[in-house]
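Given next are the chains, with one letter for each unit.
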Amino acid sequence: MASPVDQGDDLFESLQKTDEKKLEEKAKALAEKEAAYNEKAKQRLMDLIGSNSTLPVTISSIRLIGAKHTRRSFLDRLFNPILSANRDAPYTLSEALEQVGSAADRLRKFDIYHEGISMFVDRPSPTDPSSTPTDIDVYLQARERGRISLKTGTDLGNVEGSAYGELHWRNIFGGAESLNLNASAGTRTRSAYQATFDTPILSDPDKRVSVDALSSSTLKPWASHEEALKGAGLKYSWATKSGMKHQVGYTGIWRQVTGLAANASPSVRNDAGDSAKSSISHTWVADRRNHPFIPTRGYLMKTVSEIAGWGPLQGDVAFWKSELETSGAIPIPIPGIKGDSGVSLTGGLRAGMLYPLPLGFASTSQPSRINDRFQLGGPTDVRGFKIGGLGPRDGSDALGGDIFAAGSANLLIPFPRVGKDTPLRLQLFANAGRLLALKDRGGNTQKSVYNTIAQLGDSLPSMAAGFGVVYAHPVARFELNFSLPLVMRRGEETRKGLQFGVGINFL
């Protein structure tokens, strides 16, 4: 017979033992119960709003809770236009909630708050003599993101390895201002430093002004030199209601072609030394793709235009440079698979032209420099060719060109047994391009441009095809391809076999 002491010990041990499975089941049941309660509360709120959607209300105040570092005057520009005191017509409840929800969406765009801005509605105190029966007070609850973040890492791709560091300071003066400091060093980009200050205009997240300064030194082995840059710029960006983005800016930059290799060609040596570029640019983007790296539907259109050295801009180079990029994707249905199969066919086209202009108020134009010409070829545009592998050459040096056109067709297929929801794809591709330099036509620049554009179609472009693997990382697209050049011109440098590329903008 067990003694009372033994029985007490057994009871104590049994109480200490924990059945983990029962605890998990209990926690799961509690979570399900809480989720069901929240869903019912949400549904009751929606029913209440639905049944009172036409109820006339006046917004007497909007308050943001949790914005300790955000300036009051910054928030007033967002909220004051919504207050009923600043409107002639009254709201219905649904209209009021829609307007406040739109203001919350604009707050999210500033990137100074965490996701999940909550909204609450309350009646003001009935003892307040200034309130009316239709008054409502709106409360927005937000959690500010960390003001300072530091990120370091390494990059590998495009025949370059590099290490970088980035310091980001948010909401500096309480009005969604930001300062970005970037520094990097690598095998090709010897050093690069950039500082960018960015601020919204009149509390509008779709209208921003930025000031930037940069200094870099980049090795360009395909043209036997190193390029050093120092400069600054001022940019104004805005977005339309339809989602199109614009940016205009001024850039003043000093360039130096230096560090010439022993076997540098006479053409590269002729452009060696210092030059100054003073330019105004405009960028327009319309992006309707459902994914920036592996789209299955939608299209992208982008234009970049730049004018340098003409009229009062001065500097010592003058030209008009324009570039067009367009791409589209369509889903490919597969028999036996319901809905979206994940297979897509994408196509892209890029073209550009550099038109020499008279410098300042002169009457004759100058030939373009190697700093300003287009380069074509490499893992992110015309695969199957080395970086700068297409176009005019002087010996082993790629000189770049003034006019180019390139296109690509890509079939993206989800990995078998992995599924379409993963960022991995098999790729079949064919791409082609041509890069040409303007020919001297007795000083007639316009005739030279027309003749060179006509020359783009007088024979087959340089062409390559192949297959590979695509991985869509959240910040970049990675490709490992096997390429086979099909058409090439004398002197062009091909890349048969494996080719690795990393970037955010692939052809």
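Look up: the structure comes first, before these words.
Residues numbered from 1 in each chain as written. Predicted model: local features only at pLDDT ≥ 70, side-chain atom pairs only at ≥ 80, totals over all residues. Heavy atoms only, no water.

Enquirer: Honestly, the pattern of salt bridges in this entry has me stumped. Any pointers?
Expert: Any two side chains of opposite charge can pair, so long as their charged atoms come close to each other. The final tally for this structure, using the stated rule, is 20 salt bridges. A salt bridge links E227 to K220, with the nearest nitrogen and oxygen atoms 2.7 Å apart. Both residues of the pair, E227 and K220, belong to the buried class. The network of salt bridges with common partners includes R383, R477 and E479. (Salt bridge = Lys/Arg side-chain N within 4 Å of Asp/Glu carboxyl O. Buried < 20%, exposed > 50% of the residue type's maximum accessible area, 1.4 Å probe, protein only.)

Enquirer: Quick question: what am I supposed to make of helix 4 (residues 93-109) here?
Expert: Each α-helix turn comprises 3.6 residues. Residues three or four places apart therefore point the same way. Between its terminal C-alpha atoms helix 4 stretches 25 Å, which fits the 24 Å expected from 17 residues at 1.5 Å a residue. Three or more residues of helix 4 are buried, namely L93, A96, L97, V100, A103, A104 and L107. Down the axis, helix 4 shows its buried residues gathered within 120° of arc, on one side only. D111, located one to two residues past helix 4, shows a positive phi value of around 65°. (Helix = DSSP H or I, 4+ residues; strand = E, 2+ residues; numbered from the N terminus. Expected span 1.5 Å × (residues − 1). Arc of directions from axis to C-beta.)

Enquirer: I would appreciate a short explanation of the sheet that holds strand 4 (residues 135-141) in the present structure.
Expert: Think of a sheet as strands paired side by side through backbone hydrogen bonds, with each pair either parallel or antiparallel. Spatial ordering of the open sheet is given by 2-1-4-3, a layout of four strands whose pairing is mixed. In the strand order of this sheet, the two ends are held by strand 2 (91-92) and strand 3 (118-122), each with one partner. (Pairing = 2+ DSSP bridges.)

Enquirer: Would you mind going over the packing of aromatic side chains with me for this structure?
Expert: Two descriptors summarise a pair of aromatic rings, namely the distance from one centre to the other and the angle between the planes of the rings. Across all of its chains, the model carries six aromatic pairs by this definition. Between the aromatic rings of Y236 and W238, the centroid separation amounts to 5.3 Å while the plane-to-plane angle is 25°, which identifies the pairing as stacked. Residue Y236 is classed as partly exposed on the basis of its relative accessible area, which comes to 28%. Between Y471 and F478 the ring centres are 6.1 Å apart and the planes differ by 45°, which places this aromatic pair in the tilted class. Note on F478: relative accessible area 26%, which makes it partly exposed. Members of the aromatic cluster, connected to one another through ring pairs, are Y471, F478 and F500. Of note, R477 hangs over the ring of F506, and the distance from its end group to the ring centre comes to 5.2 Å. (Phe/Tyr/Trp six-rings, centres within 6.5 Å; stacked < 30°, edge-to-face > 60°. Lys NZ or Arg CZ within 6 Å of the ring centre and 35° of its normal.)

Enquirer: Just to check I follow, could you spell out the nonpolar core for this structure?
Expert: As a rule of thumb, nonpolar side chains are buried together in soluble globular proteins. Counting 28 residues, the largest nonpolar core has I59, I62, L64, F79, L107, Y113 and L140 as its most contacted members. Counting only elements with at least two residues in this core, the list comes to strand 1 (56-65), helix 3 (72-79), helix 4 and strand 4. If one sorts the elements of this core by residue count, helix 4 sits on top with seven residues. Ranked by size, the runner-up nonpolar core spans 14 residues in total, among them L354, F374, V382 and L390. (Core = buried A, V, L, I, M, F, W, Y, C linked by side-chain atoms within 4.5 Å.)

Enquirer: What's the story with the side chain of R425 in this structure? I'm lost.
Expert: Within the secondary structure, R425 is located in strand 19 (residues 424-436). Here R425 sits buried without a salt bridge, and the closest side chain of opposite charge, D421, lies 6.7 Å off (N-O distance). Polar contacts involving the side chain of R425 include one to the main-chain carbonyl oxygen of T422, which spans 2.8 Å. Apart from the residues lying within four places of it in its own chain, the contact partners of R425 are I294, G342, L412, I413, P414, F415, G419, K420, G468, V469 and V470. (Lys, Arg positive; Asp, Glu negative; His and termini not counted. Polar contact = N/O pair within 3.5 Å; in protein donor to acceptor, adjacent residues only side chain to side chain. Contact = heavy atoms within 4.5 Å.)

Enquirer: When you look at the environment of V100 in this model, what are you seeing that I'm missing?
Expert: Within the secondary structure, V100 is located in helix 4. Separated by 39 residues in the primary sequence, V100 and Y139 have C-alpha atoms spaced 9.6 Å apart.

Enquirer: What is the right way to look at helix 3 in this model?
Expert: For helix 3, the full list of buried residues reads F74, L75, L78 and F79. Down the axis, helix 3 shows its buried residues gathered within 120° of arc, on one side only. Looking at the buried side of helix 3, the elements it contacts are strand 1, helix 4, strand 4 and strand 8 (189-201).

Enquirer: What's the story with unusual backbone geometry in this structure? I'm lost.
Expert: Peptide bonds are, in most cases, trans, and in most cases residues other than glycine have a negative phi. One non-glycine residue with positive phi stands out, namely N171, at about 50°. By the element assignment, N171 lies in the loop between strand 6 (160-170) and strand 7 (178-186). Accessibility expressed as a relative area gives 4% for N171, which makes it buried.

Enquirer: Teacher, can you tell me more about the packing of helix 3 against helix 4 here?
Expert: When two helices pack together, their arrangement is captured by the angle between the axes and the distance separating the axes. For the pair helix 3 and helix 4, the least separation of the axes is 10 Å and the interaxial angle reads 140°. On the basis of the axis angle, helix 3 is oblique to helix 4. Listed contacts from helix 4 to L75, L78 and F79 of helix 3 are A103, R106 and L107. Class assignment of the residues belonging to the contact of helix 3 with helix 4 gives a composition of five nonpolar, no polar and one charged. (Axes fitted to C-alpha atoms, helices over the stretch in contact; angles between N-to-C directions. Parallel < 35°, antiparallel > 145°, perpendicular 65-115°, else oblique. Nonpolar A, V, L, I, M, F, W, Y, C, P; charged D, E, K, R; others polar.)

Enquirer: Could you clarify how one ought to interpret the pairing of strand 12 (residues 273-287) in this entry?
Expert: The side chains of a regular strand alternate, residue by residue, between the two faces of the sheet. Where strand 11 (residues 245-258) lies against strand 12, 13 bridges are found, and the strand directions are antiparallel. Within strand 12, the residue paired with Q256 across the bridge is D274. Summarising the sheet, strand 12 and strand 13 (residues 298-308) pair through nine bridges and their orientation is antiparallel. Each bridged residue has a counterpart across the sheet, and for S279 the counterpart in strand 13 is A308.

Enquirer: Hey, could you run me through the environment of S149 in this one?
Expert: With respect to the secondary-structure elements, S149 resides in strand 5 (residues 148-157). The exposure class of S149 is partly exposed, given its relative accessible area of 27%. It is 5.9 Å that separates the C-alpha atoms of S149 and L167, two residues lying 18 residues apart in sequence. Ignoring sequence-local partners within four residues, the contact set of S149 consists of E166, L167, H168 and R170.

Enquirer: Can you walk me through the side chain of D212 in this structure?
Expert: Structurally, the position occupied by D212 is in strand 9 (residues 204-220). For D212, a relative accessible area of 9% translates into the label buried. In this structure the side chain of D212 is engaged in a polar contact, spanning 2.9 Å, whose partner is the side chain of K235. If sequence neighbours within four positions are ignored, D212 has contacts with Q194, A195, T196, G231, A232, G233 and K235.

Purely geometric stuff here, so don't read any function into it on its own.
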